[in-house]
Number of protein chains: 2
Amino acid sequence: MDIAIMGYGVVGSGVAEVIAINGEKVAAKCGQPSVDVKYILDLRDFPGDVNEKKIIKDFNVILNDKDVKVVVETMGGQHPAFEFVSSCLKAGKSVVTSNKELVAAKGDVLFKLAKENNVNFMFEASVGGGIPVLRPIDRCLAANQIDEVAGILNGTTNFILTMMIYNSMSFEDALKLAQDNGYAEKDPTADIEGFDACRKICILASLCFGKHVFPDSVYTEGITKITLEDVEYARAWGGVIKLLGRAKRLEGDKISAMVSPAFVKNESILSGVNDVFNAILVRGNAVGDVCFYGRGAGKMATASAVVADVIDCINYIDNRKAMGWDDAVENYVVDHSDVETSFYIRAKGDKVFALKAAEEIFGDISILNRNNAPEDEFAFVTPVAKEGILAEKLAKLADVEILSKIRVENY
Amino acid sequence: MDIAIMGYGVVGSGVAEVIAINGEKVAAKCGQPSVDVKYILDLRDFPGDVNEKKIIKDFNVILNDKDVKVVVETMGGQHPAFEFVSSCLKAGKSVVTSNKELVAAKGDVLFKLAKENNVNFMFEASVGGGIPVLRPIDRCLAANQIDEVAGILNGTTNFILTMMIYNSMSFEDALKLAQDNGYAEKDPTADIEGFDACRKICILASLCFGKHVFPDSVYTEGITKITLEDVEYARAWGGVIKLLGRAKRLEGDKISAMVSPAFVKNESILSGVNDVFNAILVRGNAVGDVCFYGRGAGKMATASAVVADVIDCINYIDNRKAMGWDDAVENYVVDHSDVETSFYIRAKGDKVFALKAAEEIFGDISILNRNNAPEDEFAFVTPVAKEGILAEKLAKLADVEILSKIRVENY
């Protein structure tokens, strides 16, 4: 069985490598004598590369080769990935992608194309890298109504937070270390501002709750404002700060969906997810909490998920295995001001006076302390209420400067 | 679509309840107008039960009803579960079981029967209760060579250890609390002696490495000898004690497989798995470490996995979806004396003299300390070597009484 790979970057080259290393097992799993990479589409040259002879620059070679029934898309970005994937599906080829941007932006369109052409469109690698998560949610938790999904969905930010929590590194130093280690790109915006995690929670929310969720409907906040003081207050509270993507089923066929830093209790399995690891927690009405943990990025881990999808595509080549969701609807994701949460607040002002005022405004607050705090610094956790209401109350806290505001979660 | 349930105990009644609660979703997932429990086989009476009218006492009613194409076995035990399951498979009915004892003892035979009769035999719920783990290993990690699998596979013992670690309860008190909470049975032998975990690691090892592993070939040690002193030394070492089932691919088409308490580092994701929760860590040659976490037992969680299998059986009723392994072979599991490990040793004797002797015998040992230890107590961790060699060396440590010997693991 011949396949083609579009995009010979980190993941694409990993796919070729996994098939080379585990080829026998891969072929056996789909009852083929062998699974072979026939073409690799990339505009760059790779002189001396083991797959140099397979590199092509013309997409039409793949499109017009009837022997290639499964195509892997690991180019990233929306264009020309969307056009190429669409053309492959229309030509009766199954497509496997690791491209979260593509799935989050165009999943709904691509499912329909796959269905119309009776082929598979699979995207396990688009969330959680090598971690089996989308298929297990779709298949193994099929008997559940999923009520919530939450996860540490970005390895770069989790590495930075881990360095801040355990090595007391500043955000800036931890980001530099992540870049030096190759975990963060030169322009780290998509990671540290939460955009990458946002695409992934969109895909998870779409799958768990059944309707397409677009990234622009999801409130997204990164980790750039987190300080070591906040890390210390989280420790005093009994937990750690994690960048969480999460979504929740609400009444009236609506959902909440959000990406932001959050206080997570030490008792939570998510608190122990460190370094570049990711984890996705799913809350079902029968199974309770289950969690999937592993490397959320990286060449071989991501390729592991892509090749598993390739195997499935081959196994179900004439017998489509659909996974997807319905089209987006208006006002499906509620505004974050209507989401219930509690806030950790760090502020500057007259401590005694301000905390007394905070108690009067919010009711039952939990005051947090840290060693060597300046005399005019104070911190507390509010009761649970809608974000909008908490914001209004916070505005009433006169004569203080709000330094930090971080959500508190119960996963 | 009509199904039958054999055994109306905790799990069986959970299956009926999940189908009642999430029936619409279940039916949609397998493209049926509805999925209905037609019969429930149980020798007991259930007066006033919501399903009272479905209870039957004659297995042949199920066997002879051509409309029942999927049968759930939640009776537990080997007999008559094996006979009933075999008869169903031979009659062309797919079977879903949660019965780990049955799968560990007779999986090989039942796979063949399923294949011969072109029906499905599914058993996701036999390991890890509601946690998706067997299918994700088989499908989502299909592109990997699995090198190791290890897990906290028994909720009862994990609850007891959690109470010992975090509440400083003695083993006896923690066991009593587990019994009072309904987590442990009156006769807790199967849990606390590791037999339950043994069946589960057999199923995992069989699936990961491809050949049937029988429980009697797996060295099994329970948690009854663990003391609070050991818990304290583990803390000093930087970790916790967990009951781990684990298996590893070795050279020459052999494996190791074992159940025993183990020191697990705080950095390991397994160290944060507390109370009745289970977790299974899988190490693949492409994906690295992935971990699956959730409730390993309980009515609704286990039923969640059973009903997911039922959905799959219905979806693949004319198109068998095989998951299984080959027959057992002799001497496939190496003797535990040939397995590499390091030991934590706690002993009584002349501390200074004995530790000096231990250093001479073992080489580079790590000495551990705890507060308020008796003057004649000492503890250390040995270097890594084969267990047989470590045992021989330990026997050379003269004039000491060995109080505890616990393996140290690197998961």
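Presented here is an overview of the structure given in this document. (Residues numbered from 1 in each chain as written. Chains lettered and ligands numbered in written order. Predicted model: local features only at pLDDT ≥ 70, side-chain atom pairs only at ≥ 80, totals over all residues. Heavy atoms only, no water.)

**Describing the overall build of chain A**
A tally of helices and strands in chain A yields 14 helices and 17 strands. Taking 2.2 N^0.38 as the reference for a compact globule, 411 residues should give roughly 22 Å; the C-alpha atoms of chain A span a radius of gyration of 23 Å, in line with that estimate. For chain A, the spread of C-alpha atoms along the principal axes amounts to about 75 × 50 × 35 Å. Here chain A holds 411 residues, and 60% of them are scored as buried. Element-wise, carbon and sulfur atoms account for 48% of the exposed surface of chain A, whose accessible area totals about 16,200 Å². The average position of the 45 basic charges and that of the 59 acidic charges among the side chains of chain A differ by 4 Å. (Helix = DSSP H or I, 4+ residues; strand = E, 2+ residues; numbered from the N terminus. Rg over C-alpha atoms; globule rule 2.2 N^0.38 Å. Buried < 20%, exposed > 50% of the residue type's maximum accessible area, 1.4 Å probe, protein only. Areas by Shrake-Rupley, 256 points an atom, 1.4 Å probe, with all protein chains shown as cover. Lys, Arg positive; Asp, Glu negative; His and termini not counted. Charge placed at Lys NZ, Arg CZ, Asp CG, Glu CD.)

**A few points about the side chain of aspartate 108 of chain A**
Residue and element names in this part refer to chain A. Within the element layout of this structure, aspartate 108 appears in helix H5 (residues 100-116). Notably, aspartate 108 is buried but unbridged: the nearest opposite-charge side chain belongs to lysine 112, and the N-O separation is 5.8 Å. The residues touching aspartate 108, leaving out its near neighbours within four places in the chain, are His212, Phe214, Trp325 and Asp327. (Salt bridge = Lys/Arg side-chain N within 4 Å of Asp/Glu carboxyl O. Contact = heavy atoms within 4.5 Å.)

**Looking at helix H11 (residues 228-237) of chain A**
All names here are of chain A. Within H11, the full set of buried residues consists of Asp230, Val231, Tyr233, Ala234 and Trp237. Down the axis of H11, the buried side of the element spans an arc of 165°, and every buried residue falls inside it. Following H11 by one or two positions, glycine 238 adopts a phi angle in the positive range, close to 100°. (Arc of directions from axis to C-beta.)

**Considering the interface of chain B and chain A**
Each side of the interface is counted separately: chain B has 44 residues, and chain A has 44 residues. Overall, the association of chain B and chain A removes approximately 3,600 Å² of surface from exposure, summing both partners, and the carbon and sulfur fraction of that is 57%. It is Cys140, Ile269 and Tyr293 of chain B that lose the most area in chain B upon contact with chain A, and together they represent 16% of the buried surface on that side. The interface formed by chain B and chain A includes two salt bridges. Here aspartate 138 of chain B ties to lysine 29 of chain A by a salt bridge, and the two come within 2.8 Å at their closest N and O atoms. In this structure, the connection of chain B to chain A is made through 14 residue pairs in polar contact (both at pLDDT 80 or more). (Buried area = accessible area lost by both parts, 1.4 Å probe. Polar contact = N/O pair within 3.5 Å; in protein donor to acceptor, adjacent residues only side chain to side chain.)

**With respect to the pattern of salt bridges**
Opposite charge on two side chains allows them to pair when their charged atoms are near. Residues and elements named next belong to chain A. Within the structure shown, the criterion is met by 55 salt bridges over all chains. Of the charged contacts in the structure, one is a salt bridge between arginine 407 and glutamate 387, with a shortest N-O distance of 2.4 Å. With arginine 407 in strand E17 (residues 401-408) and glutamate 387 in helix H14 (residues 387-395), this pair connects stretches of sequence that are 20 residues apart. Exposure class is identical for arginine 407 and glutamate 387. Each is buried.

**Describing the packing of aromatic side chains**
Where two aromatic rings form a pair, the distance of their centres and the angle of their planes describe that pair. Residues and elements named next belong to chain A. The full count for this structure, using the stated rule, is 30 aromatic pairs over all chains. Relative to phenylalanine 46, the ring of tyrosine 8 has its centre 4.9 Å away and its plane inclined at 90°; by these criteria the two rings are edge-to-face. Of this pair, tyrosine 8 sits in the loop between strand E1 (2-6) and helix H1 (10-21) while phenylalanine 46 sits in the loop between strand E2 (36-41) and strand E3 (55-56); the two residues are 38 residues apart in sequence, bridging distant segments of the chain. Overall, the relative accessible area of 17% leaves phenylalanine 46 in the buried class. Pairwise contacts between aromatic rings join Phe111, Phe121, Phe123 and Trp325 into one cluster. Here the basic side chain of lysine 405 rests over the ring of phenylalanine 343, its NZ or CZ set 5.0 Å away from the ring centre. (Phe/Tyr/Trp six-rings, centres within 6.5 Å; stacked < 30°, edge-to-face > 60°. Lys NZ or Arg CZ within 6 Å of the ring centre and 35° of its normal.)

**A look at the relation of the copies chain B and chain A**
Take chain B, turn it by 180°, move it 0.0 Å along the axis, and it overlays chain A with an RMSD of 0.0 Å. The relationship between the two copies is best expressed as a two-fold rotation axis. Looking at the rotation axis and the C-alpha trace of chain B, the residue lying nearest is phenylalanine 292 of chain B, at 2.5 Å. (Least-squares fit on C-alpha atoms with pLDDT ≥ 70 in both.)

**Here's the deal with the pairing of strand E12 (residues 288-295) of chain B**
Side chains on a regular strand alternate between the two faces of the sheet. Of all eight residues making up E12 of chain B, seven are buried, and the element is well covered by its neighbours. Of the pairings in the sheet, the one linking strand E12 (residues 288-295) of chain A to E12 of chain B comprises three bridges and is antiparallel in character. Looking across to E12 of chain B, one finds that phenylalanine 292 of chain A is bridged to phenylalanine 292 of chain B. With eight bridges connecting them, strand E11 (residues 277-284) of chain B and E12 of chain B associate as antiparallel partners. Within E12 of chain B, the residue paired with valine 282 of chain B across the bridge is valine 290 of chain B. (Pairing = 2+ DSSP bridges.)

**Section: the pairing of strand E1 (residues 2-6) of chain B**
Residues and elements named next belong to chain B. Summarising burial for E1: four of the five residues are buried, a large majority. When E1 meets strand E4 (residues 68-73), the two strands line up parallel, connected through five bridges. Within the sheet, the bridge partner assigned to isoleucine 5 lies in E4 and is valine 72. Sheet topology note: the E1/strand E2 (residues 36-41) ladder contains five bridges and is parallel. Opposite alanine 4, over in E2, you have tyrosine 39 as the bridge partner.

**Quick word on the sheet that holds E3 of chain A**
The strand order across the open sheet formed by six strands is E3-E2-E1-E4-E5-E6 (chain A), and the pairing between neighbours is parallel. Taken across any chain shown, the strands that pair with only one partner, and hence form the sheet edges, are E3 and strand E6 (121-122) of chain A.

**Brief notes about the nonpolar core**
Core analysis: the largest hydrophobic core is formed by 182 residues, its most contacted members being Phe121 and Leu204 of chain A together with Phe121 and Leu204 of chain B. Ignoring anything within four residues of it in the chain, the contact list for phenylalanine 121 of chain A reads Val85, Leu89, Val95, Thr97, Val103, Leu110, Phe111 and Ala114 of chain A. (Core = buried A, V, L, I, M, F, W, Y, C linked by side-chain atoms within 4.5 Å.)

**As for the sheet that holds E1 of chain B**
Read from one edge of the open sheet, six strands run E3-E2-E1-E4-E5-E6 (chain B), paired in parallel fashion. Here the strands that pair on one side only, and so sit at the sheet edges, are strand E3 (55-56) and strand E6 (121-122) of chain B.

**Things to note about unusual backbone geometry**
Residues and elements named next belong to chain A. Following histidine 79, the chain continues into proline 80 via a peptide bond in cis, with omega recorded as 10°. Within the secondary structure, proline 80 is located in the loop between strand E4 (68-73) and helix H4 (81-90). Even without being glycine, asparagine 118 reaches a positive phi, approximately 55°. Residue position: asparagine 118 is located in the loop between H5 and E6.

**Some details on the state of the cysteines**
For the coordinates displayed, the defined rule picks out zero disulfides over all chains. The thiol of cysteine 140 of chain A is not disulfide-bonded; the next cysteine sulfur, from cysteine 140 of chain B, is found 7.0 Å away. Classification of cysteine 140 of chain A as buried rests on a relative accessible area of 5%. This cysteine, cysteine 313 of chain A, is not joined by any disulfide, and cysteine 30 of chain A carries the nearest cysteine sulfur, 10 Å off. (Disulfide = S-S within 2.5 Å.)

**Some points on the side chain of serine 404 of chain B**
Residue and element names in this part refer to chain B. Position of serine 404 relative to the elements: it lies in strand E17 (residues 401-408). Among the polar contacts made by the side chain of serine 404, one reaches the side chain of aspartate 230 at a distance of 2.8 Å. Beyond its immediate stretch of four places on either side in the chain, serine 404 contacts Asp230, Tyr344, Ile345 and Arg346.

**A few points about the packing of H5 of chain A against helix H10 (residues 195-209) of chain A**
Residues and elements named next belong to chain A. Where H5 meets H10, the closest approach of the two axes is 9 Å, and the angle between their N-to-C directions is 50°. As judged from the angle between their axes, H5 and H10 are oblique. Viewed along their axes, H5 and H10 form a crossing whose handedness is left-handed. Residue-level inspection shows Lys100, Glu101, Val103 and Ala104 of H5 in contact with H10, the latter providing Asp196, Arg199, Lys200, Cys202 and Ile203. Within the contact of H5 with H10, the residues separate by chemical class into four nonpolar, no polar and five charged. (Axes fitted to C-alpha atoms, helices over the stretch in contact; angles between N-to-C directions. Parallel < 35°, antiparallel > 145°, perpendicular 65-115°, else oblique. Left-handed = near helix turned anticlockwise from the far one by under 90°. Nonpolar A, V, L, I, M, F, W, Y, C, P; charged D, E, K, R; others polar.)

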